[in-house]
Amino acid sequence: MNETAATKHFMKFVKLLIIVLNILLFSCLLGMTLIVVSLFAIGFFRIRVY
């Protein structure tokens, strides 16, 4: 009976960990996308100015 309670607790922990890792992955992808877009914008405007 104690094993089932520990197993349920561990599964809740794993689900929470997966949610946190998904949030981190999404924020990293969003940040990388913004960096790439800003680099293209900087390059485009520098070409337009010169």
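What you see is a predicted model, and the numbers here were worked out from it, not measured in a lab. Per chain, residue numbering runs from 1 following the sequence as it is written. Reporting of local features is limited, given that this is a predicted model, to residues whose pLDDT is at least 70; pairs of side-chain atoms are given and counted only at 80 or more, and all residues count toward the totals for whole chains, interfaces and linings. Hydrogens and water molecules were not included; the side-chain quantities draw on all heavy atoms of the structure.

(A) Just the overall build of the chain, in detail. The helix and strand labels rest on DSSP assignments: H or I over at least four residues marks a helix, E over at least two residues marks a strand, and numbering proceeds from the N terminus. Across its full length, the chain holds 1 helix and 0 strands. Each radius of gyration is computed over the set of C-alpha atoms, and the globule rule expresses the reference value as 2.2 Å times the number of residues to the power 0.38. Computed over its C-alpha atoms, the radius of gyration of the chain comes to 22 Å, more than 25% above the 10 Å expected for a compact globule of 50 residues. Overall, the chain is about 75 × 5 × 5 Å in size when its C-alpha atoms are taken along their principal axes. With a 1.4 Å probe rolled over the protein chains alone, any residue whose accessible area is under 20% of its type maximum counts as buried; one over 50% counts as exposed, and the rest are partly exposed. A burial count over the chain gives 0% of its 50 residues as buried. Looking at the chain as shown, the accessible area adds up to about 5,100 Å², and 80% of this sits on carbon and sulfur atoms. Note on areas: Shrake-Rupley with a 1.4 Å probe; residue coverage comes only from the protein chains shown.

(B) Quick peek at the packing of aromatic side chains. Put simply, two rings from Phe, Tyr or Trp (the six-membered ring, in Trp's case) pair if the centres are within 6.5 Å, and we call them stacked under 30 degrees between planes, edge-to-face over 60, tilted for the rest. The final tally for this structure, using the stated rule, is 1 aromatic pair. Seen in terms of ring centroids, Phe44 and Phe45 are 5.7 Å apart; in terms of plane orientation they differ by 65 degrees. Their pairing is edge-to-face. The class of Phe44 is partly exposed, set by a relative accessible area of 46%. Residue Phe45 is classed as exposed on the basis of its relative accessible area, which comes to 54%.

Read these as geometric descriptors, not functional statements.
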